[in-house]
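Chain by chain, the residues:
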Amino acid sequence: MQLQTQALNQLPAKLPVFINPTAGSAPALLEQLRQHADRLIIHELKPDQLTAALKAEIAAGTPRVLVCGGDGTLALAAASLIGTQTAMAVIPGGTLNHFAHNWQLPIDVNEAVEMAFTSPQLTAVDVGYVNDALFLNTSSVGAYVRFVRIRELYETKMSYRLASVRAGFKSLVRLRSARMYINQVRLSSPLIFIGVRERDLSLSGLGAVHANSQDALHLLIVKTTTYWSLTKLVFNVMFRGIEPVTRTENVDSRLVDQITLNNSQRKDSIYVALDGELTLQTTPLEYRYARAALLVVSPAIPVDQAVV
């Protein structure tokens, strides 16, 4: 993570904001964004239109663009903005908004819009890649992929949270272990997790990026392969946090810059979760860490108080 400043007097009177009008939260978000119509140019675009629109802004030299949506939408936008001088201002519009929380960005839409115009500070944040696909927060292989598939089916009939609970129980009952090669070492695991930056493994901050986290991919490998042992592991995590569990043989926790995963069945492709979205990736899965890759508009704080 690196900090830099941008002259506010170079910003145009209006900045573009991009939002997917078909997203579930879009109507409420659009209503709030339209309250700032005097300084926003609102673009309602479907995901397959976003890349071309962002490339046009980059070519035009637009210093900042606002992207409204969940982490999947932000990751899609980031893939176009990486390596350019166009910064991304985040308008959180998802269910969990992990990226905004991890980088201490405002969750409130009005506060986020205000920061996009008034903060001179840009943070060059780290991202992860699997093959050529970018992710901002997390990626996983195994049980979580099945969980997302089941949850998406349930979401057509019930709320996100209730669908998540039901999908979680169903995934646990039908636990499957995948045989994988990790850097050519074979193992069986129901879940492999990769996070951007070191994760807090304590009960109080479970899974979040903490203030003193190291810049690397955080790899967590669950080695428990039976239903009962995994159930015990889940309850230990719920009541003690992951950190004590990582000191046992059930979980392998390590920091890496890059790592290769491959399916022992030699499939040409497998489903991988990236920031909560499922993608089909060719194997082997080549994970790598990209430092200070994406410019993000951040809250204005003194540089000497920032964690870098």
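Above this note sits the structure.
This write-up is about the structure you can find in this document. (Residues numbered from 1 in each chain as written. Predicted model: local features only at pLDDT ≥ 70, side-chain atom pairs only at ≥ 80, totals over all residues. Heavy atoms only, no water.)

This paragraph deals with the pattern of salt bridges. Counting across every chain of the model gives six salt bridges. Measuring nitrogen to oxygen at the nearest pair gives 2.7 Å for the salt bridge that ties arginine 197 to aspartate 126. With a gap of 71 residues between them, arginine 197 in the loop between β11 (191-196) and β12 (217-222) and aspartate 126 in strand β6 (residues 121-130) connect regions that are remote in the sequence. The burial state of arginine 197 is the same as that of aspartate 126; both residues are buried. Two residues, arginine 254 and aspartate 252, come together in a salt bridge whose shortest N-O distance is 2.5 Å. Taking the relative accessible area as the measure of exposure, arginine 254 reaches 32% and is therefore partly exposed. The exposure class of aspartate 252 is buried, given its relative accessible area of 17%. What emerges from the salt-bridge pattern is a single network uniting Asp215, Asp257 and Arg291. (Salt bridge = Lys/Arg side-chain N within 4 Å of Asp/Glu carboxyl O. Helix = DSSP H or I, 4+ residues; strand = E, 2+ residues; numbered from the N terminus. Buried < 20%, exposed > 50% of the residue type's maximum accessible area, 1.4 Å probe, protein only.)

What follows concerns the environment of lysine 14. Looking at the secondary structure, you find lysine 14 in the loop between β1 (2-5) and β2 (15-19). Separated by 22 residues in sequence, lysine 14 and histidine 36 place their C-alpha atoms 9.8 Å apart. Not counting residues up to four positions away in its chain, the partners in contact with lysine 14 are Ala37, Asp38, Arg39, Leu40 and Ile41. (Contact = heavy atoms within 4.5 Å.)

Moving on: empty space enclosed by the protein. Rolled over the atoms, a probe as big as a water molecule pinpoints where empty space is left. If you walk through the whole model with that rule in mind, you get two cavities of 30 Å³ or more. Phe18, Ile19, Asn20, Leu45, Lys46, Pro47, Leu50, Val67, Thr73 and Leu76 together form the lining of the largest cavity. The set of elements that each furnish at least two residues to the lining of the largest cavity consists of β2, α2 (47-59) and α3 (71-81). Its residues assigned to classes, the lining of the largest cavity shows seven nonpolar, two polar and one charged. Of the pockets and cavities examined, the second largest cavity occupies roughly 30 Å³. Lining the second largest cavity, in full, are Asn102, Trp103, Asp126, Leu136, Asn137, Val196, Arg197, Arg199 and Val209. Looking at side-chain class alone, the lining of the second largest cavity contains four nonpolar, two polar and three charged residues. (1 Å grid on protein atoms, 1.4 Å probe; cavity = no way out; pocket = protein on both sides within 12 Å on 5 of 7 lines; lining within 4 Å. Points joined across faces, edges and corners; volume = space filled by probe spheres on them. Nonpolar A, V, L, I, M, F, W, Y, C, P; charged D, E, K, R; others polar.)

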